[in-house]
Amino acid sequence: MRIIFIDATISLLARYPITILKELEKDNNKVEAYFISYDSGYEGKDQTNAAYNKIKKYSNIKIINGDFYNKKNIRKTLEDINPDLVLFGGYRVPDVLWIAVCNIYKYKTVLLQHGFDISHIQRSSFSMFKNIKKNYKYIKALRQLSKLIKEPFLLILLLYLRHLIVGLKLLNTRINNELTFPTKFLIYSEFYKDLFNTKYGIDTSRMKIVGSIDIFNTLKILNNERIDSVCYLAQTFVEDNRMQLKDFKKLVLFYKELAIRLDSFYIKFHPRSNQSLYKDLTDLPNVKVALNYFPNCSSYIGHYSSTLFTACYLSNNIIIHEIKHESIPDIYQSCATLISKDIDEINEAILNSIKTEPDISKVEKKIGYIAPMPKNNPISLVKDEIIYLNL
């Protein structure tokens, strides 16, 4: 079996694609894997090198480099490899171009849900300007896509910009075309069927619920030693140009002041975090950095991030820190026991937090319609779907 795995960065490819390969090989499936990264997100040299070193340990994985914002190059890569399946870790513009080419030449595709998505992510004009290099590549891919779906490029560009900036739903627009739909879309919950149908126009008949592997993995995390500490769930504000550096420095100083007040403070970095940006915080003697693991803490604090849903299954104390220019979507508010921007209120909530582990049944009543605890290992269900599509 030959599978192409595609994602935004090499670090993302070094995570769940490798886990999926291991799961496939448990049943004596021989798999040739080809990893393709768009290099469209920030990633530090340390993260990149660590990811390459991890991938190189597997003799059946080959990393493919090239310009994959071009339909001719995509077609040639597909012809050279002749994959049984192409698996995507997201539904970004270059993914959609790939899916369209795959559909034209009859290659099966699987799309995996990436994070707890919302109907519209707010983006500032600053973000749009700073992401000019990435946006140029995306516009290049959109031009290629417009030719494949036989629609005017300027119309497709306008629809995409309205989708990106003001949250235009793509259902029933001229960008909504069956060529852009994956063979199968593996999602977290029933909630996302309607959301993805209206947001992207993908037919619900192509969707199958497998659940979130991050939520499933909380069962293992709960077996680890319980830490009486708060954990800050870091994001990629500067790395993804969502916040100016001067504002981010103020944010780090906020957490430095908070950490000074506490006996212990953990920080869980995003896989693509630029850790040097947090030096003022991580230099404190009571601050511990969680690399490549999720600490089992009694409290968690963060902004609206998919990791909040994971934290809900680990702690009764979930604090959302309100920050300037960022509204908190309703589905994330459902996670929180406190939403605040006041350092004294946040400090008091941490000191008076419930130390015991949450009742999973109660967590499911609160957020289960969005983030249910999977009854089966989602990676195993992904494997089953891959095998079924290749029968």
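Residues numbered from 1 in each chain as written. Predicted model: local features only at pLDDT ≥ 70, side-chain atom pairs only at ≥ 80, totals over all residues. Heavy atoms only, no water.

A. Highlighting the packing of helix H12 (residues 245-261) against helix H16 (residues 343-351). At a minimum axis distance of 11 Å, the contact between H12 and H16 shows a crossing angle of 40°. The angle between H12 and H16 places the two elements in the oblique class. The handedness of the crossing between H12 and H16 comes out as right-handed. Here H12 contributes Phe254, Glu257, Leu258 and Arg261 to the contact with H16, which in turn contributes Ile343, Asp344, Ile346, Asn347 and Ile350. (Axes fitted to C-alpha atoms, helices over the stretch in contact; angles between N-to-C directions. Helix = DSSP H or I, 4+ residues; strand = E, 2+ residues; numbered from the N terminus. Parallel < 35°, antiparallel > 145°, perpendicular 65-115°, else oblique. Left-handed = near helix turned anticlockwise from the far one by under 90°. Contact = heavy atoms within 4.5 Å.)

B. Summary view of the pairing of strand E6 (residues 184-187). Burial of E6 is two-sided: the residues Lys184 and Leu186 facing one way and the residues Phe185 and Ile187 facing the other way are all buried. In this structure, strand E5 (residues 109-112) lies alongside E6, joined through three bridges in parallel fashion. Paired with Leu111 across the bridge in E6 is Phe185. Summarising the sheet, E6 and strand E7 (residues 207-209) pair through three bridges and their orientation is parallel. (Buried < 20%, exposed > 50% of the residue type's maximum accessible area, 1.4 Å probe, protein only. Pairing = 2+ DSSP bridges.)

C. Quick look at the sheet that holds strand E8 (residues 227-233). The six strands are arranged E10-E9-E8-E11-E12-E13 in an open sheet whose pairing can be described as parallel. Only two strands of the sheet have a single partner each, and these edge strands are strand E10 (287-290) and strand E13 (338-340). Taken pair by pair, the neighbouring strands of this sheet meet at an average axis angle of 25°, ignoring direction. Pairing of strand E9 (residues 265-268) with E10 involves four bridges; the strand directions are parallel. In the sheet register, Tyr266 faces E10, and the bridge partner there is Lys288. Of the strands in this sheet, E8, strand E11 (297-302), strand E12 (318-321) and E13 touch H16, which is tilted by about 155° from E13.

D. Up close: the environment of Ile175. Tracing the sequence through the fold places Ile175 in the loop between helix H8 (153-166) and E6. Separated by 30 residues in the primary sequence, Ile175 and Leu145 have C-alpha atoms spaced 9.4 Å apart. Sequence-distant contacts of Ile175, that is, excluding residues within four places in its chain, are made with Ile149, Ile156, Leu159, Leu170 and Thr180.

E. Up close: the nonpolar core. Residues Trp98, Phe309 and Tyr332 are the most contacted members of the largest nonpolar core, which totals 80 residues. Among the elements that make up this core, the one with the highest residue count is helix H5 (residues 93-104) (eight residues). Contact partners of Trp98, with chain neighbours within four places excluded, come to Ile4, Ile6, Ile36, Tyr38, Phe68, Ile74, Thr77, Leu78, Val86 and Phe88. Judged by nonpolar contacts, the second largest core, of 28 residues, contains Tyr232, Met243, Leu251 and Ile350. (Core = buried A, V, L, I, M, F, W, Y, C linked by side-chain atoms within 4.5 Å.)

F. Spatial organisation of the packing of aromatic side chains. A full pass over the atoms with the stated rule returns 22 aromatic pairs. Residues Tyr38 and Tyr69 carry aromatic rings whose centres are separated by 5.9 Å and whose planes lie at 50° to one another, so their mutual orientation is tilted. Remark: Tyr69 occurs in the loop between strand E3 (61-64) and helix H4 (71-81) and Tyr38 occurs in the loop between strand E2 (32-37) and helix H3 (45-55); sequence separation between them is 31 residues. Of the residues examined, Tyr38 reaches a relative accessible area of 3% and is grouped as buried. Assessed through its relative accessible area of 5%, Tyr69 is described here as buried. With centroids separated by 6.5 Å and ring planes inclined at 40°, the aromatic side chains of Tyr69 and Tyr138 adopt a geometry described as tilted. Taken together, the positions of Tyr69 in the loop between E3 and H4 and Tyr138 in helix H7 (residues 132-148) put the pair 69 residues apart, joining distant regions of the chain. With respect to class, Tyr69 is no different from Tyr138; both count as buried. (Phe/Tyr/Trp six-rings, centres within 6.5 Å; stacked < 30°, edge-to-face > 60°.)

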